[in-house]
Amino acid sequence: MTGSEESPSFRLAYVPGVTPAKWVKVWNERLPDVPLTLVQAPVAEAHELLRSQEADAGLVRLPVDRTFFSAIPLYTETTVVIVPKDHLITAVEEVSLDDLADEVLLHPLDDVFDWDRPPGEPAFERPATTADAIELVAANIGLLVVPQSLARLHHRRDLTYRPVVDGPQSSVALSWPEEATTDLVEEFIGIVRGRTVNSTRGRGAARTEAGQQRKGQDPAGARQKKPGSAKSAGGKSAGAKSAGRTVRGRSGTGSGKPAKRGKPRRK
C-alpha cells in the first residue's frame, strides 16, 4: 500500500427503528481490520446519503428507486397504534383500522407509511416528526400508527401500543447503488443473509440475488435441485415408488411385515 492509499472502511447508513448491532458484531469478528462506521439518518435522507456516496450501503425502508438502487428485503414489521395507557383500546389485544375511525390520528411529516393520510379524524396540524407526534399522544391530542420498532424506540411509561391487524406495513431492506457493488458491500450482503465465513458466493451471485428480488422472485427457488436429480442409476426410483405403495398397502408396522396379532389369554 502506498502512502496515498486510504485504509479500507465501510459506512452503513440506517434509519430510526432499525437495529444493526447483530450484523455489526459479525462484521467486526470477520473483518477486524476494516472499521464499520454507522451513520444514522432520517428516512427522508437515507437514500440521498447513498446517492451521494456518503454511505456504502444502508438499512432503509422500502420502497427505493429500483432504477438506481439494488435492494434485498430483510423483514416486514408489525404495525401498531400508540395510545395512552388509560385509553379504551388497551382493553383489547389488537385493533383494526375501523376501530380507529372515530379517533384523531396524527400524521407526522416523517411518516414511513405509503398512504395519503391515516384513517380517522385528522389532527389540526401535522407534527414535524414521529417524536413530536409521540408527545402529542402523551398529551391526549390523538393516536399514532407506526411500525412496532418505532413504538419501542420512543417508549414512554405513560404510553402503550396494540397491533393493527389490517394496517399498512413497512419493510426494511439492505440497499446500495447498483453500480457500486463493491467487495465490502458484498461482504455485508453475506452477513445479513447468514452466509458462513467460508461461503464461496461471489459478487455475481449477490447481483443476481438482488435482481431476482427486483423481479419478485425468490432467490431460494433458483437453488432447488435439478429435475431428475433424485433418480438413481438403473431406474431404481420407479421401484422405490412401487415398494412404497406395497408398504403403505399393508397393515404397516414400519418394517413392511404384516402386524402380528396376539392370542387372547385364557382366564
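First things first, this report covers the structure right here in the doc.

Criteria and thresholds
Residues numbered from 1 in each chain as written. Predicted model: local features only at pLDDT ≥ 70, side-chain atom pairs only at ≥ 80, totals over all residues. Heavy atoms only, no water. Pairing = 2+ DSSP bridges. Helix = DSSP H or I, 4+ residues; strand = E, 2+ residues; numbered from the N terminus. Axes fitted to C-alpha atoms, helices over the stretch in contact; angles between N-to-C directions. Parallel < 35°, antiparallel > 145°, perpendicular 65-115°, else oblique. Left-handed = near helix turned anticlockwise from the far one by under 90°. Contact = heavy atoms within 4.5 Å. Nonpolar A, V, L, I, M, F, W, Y, C, P; charged D, E, K, R; others polar. Salt bridge = Lys/Arg side-chain N within 4 Å of Asp/Glu carboxyl O. Buried < 20%, exposed > 50% of the residue type's maximum accessible area, 1.4 Å probe, protein only.

Looking at chain direction, strand E1 (residues 10-14) and strand E2 (residues 36-40) are connected through five bridges and run parallel. Across the sheet, residue Phe10 finds its bridge partner in E2, namely Leu36.

Running from amino to carboxyl end, helix H1 (residues 21-30) crosses helix H5 (residues 183-192) at an angle of 125 degrees, the nearest separation of the two axes being 10 Å. Accordingly, the angle class assigned to the pair H1 and H5 is oblique. Relative to H5, the crossing made by H1 is right-handed. In this structure, H1 contributes Trp23, Val26, Trp27 and Arg30 to the contact, and H5 contributes Leu184, Glu187, Phe188, Ile191 and Val192. The residue makeup of the contact of H1 with H5, split by class, is seven nonpolar, no polar and two charged.

Counted by the stated rule, this structure contains five salt bridges. Residue Arg51 is joined to Asp65 by a salt bridge in which the shortest nitrogen-to-oxygen separation is 2.8 Å. Remark: Asp65 occurs in the loop between strand E3 (57-61) and strand E4 (69-76) and Arg51 occurs in helix H2 (residues 43-51); sequence separation between them is 14 residues. Overall, Asp65 belongs to the partly exposed group, its relative accessible area being 31%. The partner of Arg156 in a salt bridge is Asp158, and the shortest N-O contact between them spans 2.8 Å. Overall, Arg156 belongs to the partly exposed group, its relative accessible area being 26%.

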